[in-house]
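Next come the chains, spelled out residue by residue.
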Amino acid sequence: EEYAQASPVPWVRIDNPVPQDYFDLAGPYAPDVVLYAGSITEIKDVLTLLRAIERVRRVHPAVALRIAGRTTSSDYARRVRAYVAEHDLQDTVQFLGLLDRQAIMEEYARCAVVALSSVQENAPMTLIEAMAAAKPVVATRVGGVPGLVDEGETGFMVPAGDDAAMAQRLGQLLKDGGLRERMGHRARVVARGRFGVDRIARLYYDLYQEVLSEAG
């Protein structure tokens, strides 16, 4: 949509693939855990997520936010950690740092909900991986997110910067185990049909064959 007017040549969209391992994740999870997987930087707007978690904690005291990802903005990371300290969230928020593949998969398996509070996105792997792992998501309605999340079916979308709306949706999912299970199951079904490695490889292969054929 953004680049359609930039060039007269056709544009082809192919989704990012997710490894089969994510579809195999199963087992018990912690019903109070929210996972954020992404960098700590301004465009990810982690501060809005912290404000949302602070709201959720008032009605769901056991909520825990686990932040997995590297710091790409030192100044912003200091603001994030300062907010945690100033608002007494040390027992609620845990910074895990950048995790390897096995560790992040364990975090997806462990959490109840995946949250993304970005003000700008393309097609975030966090949401794709969450769907494959059968986890419902609460994400901001920015960039390519509406192309990944089926509102009310695989997750919820909220306006960017709206911590109250994010808190409301997170609280709804944390409180309702049946809703989490239904959304998570639907998310995995959708992800299996869209993001499987074999399907994505076939789409690329077919595209290469089409281009080669047109080139003679």
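Our subject is the structure listed above.
Computed from a predicted structure; not experimentally measured.

A.B. asks: Help me out: how do you make sense of the overall build of the protein chain in this one?
C.D. replies: When you go through the protein chain residue by residue, the secondary structure sums to eight helices and six strands. Ordered by position from N to C terminus, the α and β elements of the protein chain give α-β-α-β-α-β-α-β-α-β-β-α-α-α. The C-alpha radius of gyration of the protein chain comes to 18 Å, within 12% of the 17 Å expected for a compact globule of 216 residues. Projected onto the principal axes, the alpha-carbon positions of the protein chain cover approximately 65 × 40 × 30 Å.

A.B. asks: What exactly am I supposed to notice about the pattern of salt bridges here?
C.D. replies: Between side chains of opposite charge, pairing is possible as soon as their charged atoms come close. On inspection of all chains with the given rule, the structure shows nine salt bridges. Put simply, D15 and R194 hold a salt bridge, and the shortest N to O gap is 2.9 Å. Of the two residues, D15 sits in the segment before helix 1 (20-23) while R194 sits in helix 7 (residues 177-195), which places them 179 residues apart along the sequence. Overall, D15 belongs to the buried group, its relative accessible area being 12%. When the shortest N-O distance is used, the salt bridge between D21 and R101 registers 2.9 Å. A residue pair is termed long-range when its members are at least 10 positions apart, and D21 in helix 1 and R101 in helix 4 (residues 101-110) qualify at 80 residues. A relative accessible area of 44% places R101 in the partly exposed class. Members of the salt-bridge network, linked through shared partners, are R13, D15 and R194.

A.B. asks: Help me understand the packing of aromatic side chains in this model?
C.D. replies: The description of two aromatic rings rests on the distance between their centres and on the angle between their planes. All chains considered together, the criterion is met by two aromatic pairs. On the basis of an interplanar angle of 70 degrees and a centroid distance of 5.8 Å, the ring pair of Y22 and Y108 is categorised as edge-to-face. Residue Y22 is located in helix 1, and its partner Y108 is located in helix 4; the two are separated by 86 residues in the primary sequence. The same class applies to Y22 and to Y108, which are both buried. Ring centres of Y204 and Y208 lie 6.2 Å apart, and the angle between their planes is 40 degrees; this geometry places the pair in the tilted category. Here the residue Y204 and the residue Y208 both occupy positions in helix 8 (residues 197-214), the gap between them amounting to four residues, near one helical turn. A residue is classified by how much of its surface remains accessible, and Y204, at 36% relative accessible area, is partly exposed. Over the aromatic face of F95 sits the side chain of R81, whose NZ or CZ is 4.1 Å from the ring centroid. Above the face of the F156 ring, R169 is positioned so that its terminal group lies 4.0 Å from the ring centre.

A.B. asks: Would you take a moment to explain the packing of helix 5 (residues 125-132) against helix 7 for this structure?
C.D. replies: Helix-helix packing is described using two parameters, namely the angle between the two axes and the distance between the axes. In the contact formed by helix 5 and helix 7, the axes pass within 7 Å of each other and the chain directions differ by 115 degrees. Across the interface between the two elements, I128, M131 and A132 of helix 5 pack against A187, R188, V190, A191 and F195 of helix 7. Residues belonging to the contact of helix 5 with helix 7 are distributed by class as follows: seven nonpolar, no polar and one charged.

What counts, and at which threshold
Residues numbered from 1 in each chain as written. Predicted model: local features only at pLDDT ≥ 70, side-chain atom pairs only at ≥ 80, totals over all residues. Heavy atoms only, no water. Helix = DSSP H or I, 4+ residues; strand = E, 2+ residues; numbered from the N terminus. Rg over C-alpha atoms; globule rule 2.2 N^0.38 Å. Salt bridge = Lys/Arg side-chain N within 4 Å of Asp/Glu carboxyl O. Buried < 20%, exposed > 50% of the residue type's maximum accessible area, 1.4 Å probe, protein only. Phe/Tyr/Trp six-rings, centres within 6.5 Å; stacked < 30°, edge-to-face > 60°. Lys NZ or Arg CZ within 6 Å of the ring centre and 35° of its normal. Axes fitted to C-alpha atoms, helices over the stretch in contact; angles between N-to-C directions. Contact = heavy atoms within 4.5 Å. Nonpolar A, V, L, I, M, F, W, Y, C, P; charged D, E, K, R; others polar.

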